[in-house]
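So the chains spell out like this:
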Amino acid sequence: MPDLWQEAMDHAVSLARKAGEIVREALQNDMKIMCKSSSVDLVTKTDQKVEQLIIASVKEKFPTHSFIGEESVAAGEPCILSDNPTWIVDPVDGTTNFVHGYPFVAISIGFAANKQLEFGVVYSCLEDKMYTARKGKGAFCNGQPLQVSDQTDINQSIIATEFGSNRDPEVVDKIFSNMRKVLTLPVHGMRGVGTAATNMCLVATGCVEAYYEIGVHCWDIAAGAVIVSEAGGVLMDLEGGPLDLMSRRVLAANNKTVAQRLIKEIETYPAQRDDAPLDSKE
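What you are looking at is a predicted structure, and each value in this text was computed from that prediction instead of being measured.

1. Digging into unusual backbone geometry
Cis rather than trans, the peptide bond between Leu-185 and Pro-186 has omega equal to 0°. Along the polypeptide, Pro-186 turns up in the loop between α5 (169-183) and β11 (189-191). One non-glycine residue, Asn-114, adopts positive backbone phi at about 55°. Within the fold, Asn-114 resides in the loop between β5 (106-113) and β6 (116-124). The exposure class of Asn-114 is exposed, given its relative accessible area of 53%. Phi at Asp-128 is positive, roughly 55°, even though this residue is not glycine. Its location among the elements puts Asp-128 in the loop between β6 and β7 (129-134). Its relative accessible area of 41% is what places Asp-128 among the partly exposed residues.

Structural data, given as structure tokens:
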């Protein structure tokens, strides 16, 4: 039986490389920065240029496919995952890193059909690391197979998370409270490189046991979810159920033992779903 989506995945890898070239070139030039929801929720012309490149190329090659992109949604497009083959794209994951020249910036391209993720491509373009995974066929970085850590002891683990872009004092207090609970389990350490997609890939490589965050979007985690699961990891909702791509919550871990231990400690808080009706969004 032919692989229906291999051509699409090959195209995604090619697009990610082209997008990475745009990002690297932009770092040599002045960047025009704008703000989305707040003064710390940044978008650059590069984010928009990369997304437009990907959309145009996908529409030309796969005209019947749908698209969910960070900048398109910010501009008012609906964020709806249907049964139709759908590309879920973050053109520059780690925009704040990009703006400051902090060396972790990723292009994240996930792909779903019948609401099931089929492949993920994450290109950490400043490191020149291409992470790829196809459902049922394993996960790779620059062609080398990936395998999650076999650590089951939370006390011997490194956990990744992020502070996000919400600066509401109550939310910030909850973020720090959760970090304190995890850190004092104790764990070996807590890390975060400033991009959800790269954090998930680090779980897949085995150097980090788990990554959790509240406030992420589907385009941040769609590609990474395939890479983690194909590297042998688990994906869960922070409230204990299976991962819900639109819930704004994610827990990616090397195994269920580590994941469930973290779920016991982490207190969730509301974040509006990605697929909430447009008229209900601020």
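2. Considerations on the packing of helix α6 (residues 196-205) against helix α7 (residues 218-230)
In contact at an axis separation of 8 Å, α6 and α7 are set at 5° when each is read in the N-to-C sense. The angle between the axes of α6 and α7 places the two elements in the roughly parallel class. Listed contacts from α7 to Ala-196, Ala-197, Met-200, Cys-201, Val-203 and Ala-204 of α6 are Asp-220, Ile-221, Gly-224, Ala-225, Ile-227 and Val-228. When grouped by side-chain class, the residues that make up the contact of α6 with α7 number 10 nonpolar, one polar and one charged.

3. Some points on the packing of helix α1 (residues 6-27) against helix α2 (residues 45-61)
In contact at an axis separation of 10 Å, α1 and α2 are set at 155° when each is read in the N-to-C sense. In terms of orientation, α1 lies roughly antiparallel with respect to α2. Handedness of the α1/α2 crossing: right-handed. Between α1, through Glu-7, His-11, Leu-15, Lys-18, Ala-19, Ile-22, Val-23 and Ala-26, and α2, the contact on the second element is made entirely by Thr-46, Lys-49, Val-50, Leu-53, Ile-54, Ser-57, Val-58 and Lys-61. Partitioned by chemical class, the residues of the contact of α1 with α2 number nine nonpolar, three polar and four charged.

4. With respect to the sheet that holds β6
If you walk across this open sheet you meet the seven strands as β3-β4-β5-β6-β7-β8-β9, and the pairing is mixed. Each edge of the sheet is formed by a strand with only one pairing partner; in this case those strands are β3 (66-69) and β9 (144-145).

5. Let's talk about the environment of Lys-32
Along the chain, the position of Lys-32 falls in the loop between α1 and β1 (33-35). For the pair Lys-32 and Thr-46, spaced 14 residues apart in sequence, the C-alpha separation works out to 8.6 Å. Setting aside residues up to four positions removed in sequence, Lys-32 forms contacts with Val-43, Thr-44 and Lys-45.

6. Notes on the pairing of β5
Consecutive side chains along a regular strand alternate between the two faces of the sheet. Among the eight residues that make up β5, eight are buried, leaving the element largely enclosed by the rest of the structure. Where burial is concerned, the two faces of β5 agree: the one with Ala-106, Ser-108, Gly-110 and Ala-112 and the one with Ile-107, Ile-109, Phe-111 and Ala-113 are both buried. By the bridge criterion, six bridges tie strand β4 (residues 86-93) to β5 in an arrangement that is antiparallel. Opposite Asp-93, over in β5, you have Ala-106 as the bridge partner. Of the pairings in the sheet, the one linking β5 to β6 comprises eight bridges and is antiparallel in character. When the bridges of β6 are listed, Ile-109 appears paired with Val-121.

Calculation notes
- Residues numbered from 1 in each chain as written.
- Predicted model: local features only at pLDDT ≥ 70, side-chain atom pairs only at ≥ 80, totals over all residues.
- Heavy atoms only, no water.
- Helix = DSSP H or I, 4+ residues; strand = E, 2+ residues; numbered from the N terminus.
- Buried < 20%, exposed > 50% of the residue type's maximum accessible area, 1.4 Å probe, protein only.
- Axes fitted to C-alpha atoms, helices over the stretch in contact; angles between N-to-C directions.
- Parallel < 35°, antiparallel > 145°, perpendicular 65-115°, else oblique.
- Contact = heavy atoms within 4.5 Å.
- Nonpolar A, V, L, I, M, F, W, Y, C, P; charged D, E, K, R; others polar.
- Left-handed = near helix turned anticlockwise from the far one by under 90°.
- Pairing = 2+ DSSP bridges.

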